[in-house]
Amino acid sequence: MKKYIDTGKKDTRSGFGAGLLEAGKADKRVLALTADLKGSLKMGDFASAFPDRFIQCGIAESNMVGVASGLALAGKVPFIGSFAEFVTGRVYDQIRQEVAYGHTNVKIASSHAGITLGEDGATHQTMEDIALMRALPGMIVINPCDYNQTKNATIAAAKVDGPVYLRFGRPSVPNFTPENEPFEIGKAYVLNEGKDVTIFATGHTVWEALLAAEALEAEGICAEVINVATIKPLDEKTVTASAFKTKAVVVAEEHNSAGGLGELIAGVLAKRRPTPMEFVNGADKFGQSGSPAELMAAYGLDAAHIAEAARKAIARK
Amino acid sequence: MADTEQLKKIASQVRRDIIRMVTAAKSGHPGGSMSSTDIMTALYFSVMKQSPEGWTRSGKGQDMFILSAGHLAPVLYSVLARAGYFPKEELGTLRKFGSRLQGHPSVEHGLPGVFQAAGSLGQGLSVAVGAALAKKMDKEDNFVYVLCGDGETEEGQIWEAAMFAPHHGVDNLIAFTDWNGQQIDGTVDSVAGEGDLGIKWKAFGWRVISADGHDMDAILAAFEEAKAGKGTGKPTMILFKTDMGHGVDFMAGTHKWHGKAPSPEECENALRQLEETLGDY
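Because the structure is a prediction, the values reported are computed rather than measured.

Criteria and thresholds
- Residues numbered from 1 in each chain as written.
- Chains lettered and ligands numbered in written order.
- Predicted model: local features only at pLDDT ≥ 70, side-chain atom pairs only at ≥ 80, totals over all residues.
- Heavy atoms only, no water.
- Helix = DSSP H or I, 4+ residues; strand = E, 2+ residues; numbered from the N terminus.
- Rg over C-alpha atoms; globule rule 2.2 N^0.38 Å.
- Buried < 20%, exposed > 50% of the residue type's maximum accessible area, 1.4 Å probe, protein only.
- Contact = heavy atoms within 4.5 Å.
- Lys, Arg positive; Asp, Glu negative; His and termini not counted.
- Charge placed at Lys NZ, Arg CZ, Asp CG, Glu CD.
- Buried area = accessible area lost by both parts, 1.4 Å probe.
- Salt bridge = Lys/Arg side-chain N within 4 Å of Asp/Glu carboxyl O.
- Polar contact = N/O pair within 3.5 Å; in protein donor to acceptor, adjacent residues only side chain to side chain.
- Nonpolar A, V, L, I, M, F, W, Y, C, P; charged D, E, K, R; others polar.
- Pairing = 2+ DSSP bridges.
- Axes fitted to C-alpha atoms, helices over the stretch in contact; angles between N-to-C directions.
- Right-handed = clockwise from strand over helix to strand, strands pointing away.
- Phe/Tyr/Trp six-rings, centres within 6.5 Å; stacked < 30°, edge-to-face > 60°.
- Lys NZ or Arg CZ within 6 Å of the ring centre and 35° of its normal.
- 1 Å grid on protein atoms, 1.4 Å probe; cavity = no way out; pocket = protein on both sides within 12 Å on 5 of 7 lines; lining within 4 Å.
- Points joined across faces, edges and corners; volume = space filled by probe spheres on them.
- Domains from an automatic or database assignment.
- Expected span 1.5 Å × (residues − 1).
- Parallel < 35°, antiparallel > 145°, perpendicular 65-115°, else oblique.
- Left-handed = near helix turned anticlockwise from the far one by under 90°.

(A) Local environment of the overall build of chain A. Summing up its helical and strand segments, chain A has 11 helices and 14 strands in all. A globule of 317 residues ought to have a C-alpha radius of gyration of about 20 Å, and chain A, at 19 Å, matches this closely. Each principal axis of the C-alpha distribution contributes one length, and for chain A these read about 55 × 40 × 35 Å. For chain A, the proportion of its 317 residues judged to be buried stands at 63%. For chain A, long-range pairs separated by at least 24 residues make up 80% of all intrachain contacts whose partners lie at least 6 apart in sequence. Between the mean site of the 34 positive side-chain charges and the mean site of the 37 negative ones, chain A shows a separation of 5 Å.

Encoded structure:
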């Protein structure tokens, strides 16, 4: 299979910080707002470069959403940043009314998403955010897989006109996608072509999917690995074509089963190409404290679980 | 710019519009719309630098008005129509399927004059703060106005915005409260114990002005005083004391008309008390 080189572990949130700085250099309409999490969101470089375009909102996320929508009316391109739970679940109604229904050009920068936030525990580990944001008409939902892709996705988010939910994480993870590849919103990236099973993955599970594909290769199974970096709008064409080719599907995501990528792809395939499917996700459970690696293993989200799901899907052909 | 007598005439017509619109829709919120009618009339026909010509949601080069208490849609729609933002005949479509006049203001349906959706309470103040901040960033000289309900002020987000605005020196923001003392379930004090709003806003660092929201001269004077806040670094809150359902005897001063449509007979009775000054739609 195609080899991917980890050029050195980095956190995806730093990719966001770097992308935000680039977007800010390219377009003076770009603003950054945070609710007392400038450091965690890696907004420091942007704030130093453009102090007049950085707005500290304090621990008041609801107001931050409204302020951002007001700024967007005037043509600004505000990025609002906080932990995933506090910039989705806590402010769902504000995002719904002021950003989605209000059609304002606000970018939601959502860090520390999923269970890999780790030690802080379940109050901070949202596994429901994709479901919430997906449910909003018109919301673009992006979940890049590594530092480079998060940086490039941030630059792309600044350029597209309309609400974007950009999801990334806390831990350092392998960095393996091309450094300056322009991010295409709405494209599912085929990382490895295969014929026996397709593994659709998003975010931190993409690297795990590649590791799983390597393990499967040793067993003579040729897995197609697709990075679904944009969850909405879904690249239905690529999804359907791959499922038709391999006739067995696994969907891996660091998210609850309800409302996640798995249900989304199942819905598309049920309509277009019913296919045996297995799901790798956080089931319907809350997280707990622990290291990211411990939690990924305990909640069944790592490469070993993805490989096992692939074997099951193939057996159901 | 209309003088005081003209403003009173417009306000009478706006109240007629509200009664007729809500009666025809068989639902809606006449009480708060009528308590804020005099203020909204003064705002659109005297106070604000606004024009329907070439209106866009950006609000560039104009004063902006954000309705935070979205259920007051009837009064907003009437003043917008009467100010020329869309044909007044369209007022008869309020809450009807396919109408641009949604039950609560929407931007999806393209109604000119509406800057932002509203309905879920407590959010419009934050939007107005953002819009005002953008004008400061762009060195624009205009003001942003925002109307909050006194019941709405129970929402926590109002106080997040209250803390944010003076901290960021948003002194081109003029907020005003329709302090009618009523909300759906009863008086504001019985429901929520809101107490003295003036003390609260002052404590958050705002300039606070109080005025009679049914005295046109007092309303105009309050807005003039509010405009003088520019350069102080502080936003201004005008607390307008009002009566819910003002202008119609059987609707005045009670929460019962917060969100209820008049019957056809009640509508006739109400219209007999309100002079038709500009021609009904």
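Now that the structure has been shown, the text picks up again.
(B) Focus on the interface of chain A and chain B. On the side of chain B, 31 residues touch chain A, which itself brings 26 residues to the contact. For the pair chain A and chain B, the summed buried surface comes to about 2200 Å²; carbon and sulfur atoms form 53% of the total. Inspection of the region where chain A meets chain B yields 1 salt bridge. Between aspartate 138 of chain B and lysine 76 of chain A there is a salt bridge, and its shortest N-O distance comes to 2.5 Å. Viewed at the interface, chain B and chain A are joined by 18 residue pairs in polar contact (both at pLDDT 80 or more). When residues of the side of chain A that touches chain B are traced back to their parent elements, those giving at least two are strand S3 (54-56), helix H3 (61-73) and helix H4 (92-100) of chain A. The element best represented in the side of chain A that touches chain B is H3 of chain A, accounting for 9 residues. Of the residues contributing to the side of chain A that touches chain B, the split by class is 9 nonpolar, 11 polar and 6 charged.

(C) Here's a closer look at unusual backbone geometry. All names here are of chain A. The omega torsion of the bond from lysine 232 to proline 233 falls at 0 degrees, within 30 degrees of zero and hence cis. Inspection of the secondary structure puts proline 233 in the loop between strand S12 (230-232) and helix H8 (236-246). The residue histidine 103 is not glycine, and still its phi comes out positive at about 50 degrees. Along the chain, histidine 103 turns up in the loop between H4 and strand S5 (107-111). A relative accessible area of 44% means that histidine 103 is categorised as partly exposed. Of note, the phi angle at lysine 247 is positive, near 65 degrees, even though the residue is not glycine. Mapping lysine 247 onto the fold places it in the loop between H8 and strand S13 (249-252).

(D) Fine view of the sheet that holds strand S7 (residues 236-241) of chain B. Residue and element names in this part refer to chain B. If you trace the 5 strands from one edge of the open sheet to the other, you get S1-S2-S3-S7-S6, paired in parallel fashion. Looking at strand neighbours, the two that pair on one side only are strand S1 (64-67) and strand S6 (207-212), the edges of this open sheet. Mean inter-strand twist for the sheet, computed between neighbouring axes without regard to direction, equals 20 degrees. Sheet analysis places strand S2 (residues 144-149) next to strand S3 (residues 173-179), joined by 6 bridges and oriented parallel. Each bridged residue has a counterpart across the sheet, and for glycine 149 the counterpart in S3 is aspartate 178.

(E) Fine view of the pairing of strand S7 (residues 164-167) of chain A. Residue and element names in this part refer to chain A. Residues Val164 and Leu166 line one face of S7 and the alternating positions Tyr165 and Arg167 line the opposite face, and both faces are buried. Pairing of strand S6 (residues 140-142) with S7, which is carried by 3 bridges, proceeds in the parallel orientation. Its bridge partner lying in S7, isoleucine 140 is registered against valine 164. Handedness of the crossover joining S6 and S7 through helix H6 (residues 147-159): right-handed.

(F) Main features of the packing of aromatic side chains. Taken as a whole, this structure holds 20 aromatic pairs over all chains when the rule is applied. Ring geometry for phenylalanine 250 of chain B against tryptophan 257 of chain B: centres 5.8 Å apart, planes inclined by 70 degrees, an arrangement best described as edge-to-face. Residue tryptophan 257 of chain B is classed as buried on the basis of its relative accessible area of 5%. Here the aromatic cluster, defined as three or more aromatic residues joined through ring pairs, consists of Tyr44, Phe65, Tyr85, Phe143, Tyr145, Phe176, Phe223 and Phe240 of chain B. Over the ring of tyrosine 147 of chain A we find lysine 10 of chain A, and its NZ or CZ is 3.9 Å from the ring centre. The aromatic ring of tyrosine 281 of chain B is capped on one face by arginine 20 of chain B, whose charged end is 4.3 Å from the ring centroid.

(G) Representation of the environment of valine 30 of chain A within the structure. All names here are of chain A. Of note, valine 30 is situated in strand S2 (residues 30-34). Between the C-alpha atom of valine 30 and that of phenylalanine 50, which follows or precedes it by 20 residues, the distance is 9.8 Å. Apart from the residues lying within four places of it in its own chain, the contact partners of valine 30 are Leu20, Ala23, Gly24, Phe46, Arg53, Val77, Phe79 and Ala158.

(H) Representation of empty space enclosed by the protein within the structure. Residue and element names in this part refer to chain A. Here the structure, examined in full by the defined rule, presents 4 cavities of 30 Å³ or more. Its volume calculated, the largest cavity comes out at about 60 Å³. Taken together, Ala113, Asn143, Pro144, Arg167, Phe168, Gly169, Thr202, Gly203, His204 and Glu254 make up the lining of the largest cavity. Taken together, the residues of the lining of the largest cavity sort by class into 3 nonpolar, 5 polar and 2 charged. For the lining of the largest cavity, the two domains that each supply at least three residues are domain 1 (10-173) and domain 2 (189-315).

(I) Looking closely at helix H1 (residues 12-26) of chain A. Residue and element names in this part refer to chain A. With 15 residues, H1 should reach 21 Å at 1.5 Å per residue; the first-to-last C-alpha distance of 21 Å fits that figure. Counted residue by residue, H1 has 11 buried out of 15 residues, so it is predominantly covered. Of the positions making up H1, those classed as buried are Thr12, Arg13, Gly15, Phe16, Gly17, Ala18, Gly19, Leu20, Leu21, Ala23 and Gly24.

(J) Region of interest: the side chain of threonine 242 of chain B. Residues and elements named next belong to chain B. Mapped onto the elements of the fold, threonine 242 is located in the loop between S7 and helix H10 (264-272). Among the residues examined, threonine 242 registers a relative accessible area of 7% and is labelled buried. In contact with threonine 242, not counting residues within four places along its chain, are Ser35, Ile39, Asp178, Trp179, Asn180, Gly213 and His214.

(K) Representation of the environment of lysine 3 of chain A in the model. Residues and elements named next belong to chain A. Topologically, lysine 3 is positioned in the segment before strand S1 (10-11). Overall, the relative accessible area of 54% leaves lysine 3 in the exposed class. Counting along the chain gives 165 residues from lysine 3 to phenylalanine 168, while the straight-line C-alpha distance between them is 24 Å.

(L) Summary view of the packing of H3 of chain A against helix H6 (residues 156-167) of chain B. Viewed as axis vectors pointing N to C, H3 of chain A and H6 of chain B meet at an angle of 70 degrees, and their least axial separation amounts to 8 Å. Classified by the interaxial angle, the pair formed by H3 of chain A and H6 of chain B is roughly perpendicular. Between H3 of chain A and H6 of chain B lies a crossing of right-handed hand. On the side of H3 of chain A, the interface is formed by Glu61, Ser62, Asn63 and Val67 of chain A, while H6 of chain B contributes Gln157, Glu160, Ala161 and Phe164 of chain B. Each residue belonging to the contact of H3 of chain A with H6 of chain B can be placed in one class, and the counts come to 3 nonpolar, 3 polar and 2 charged.

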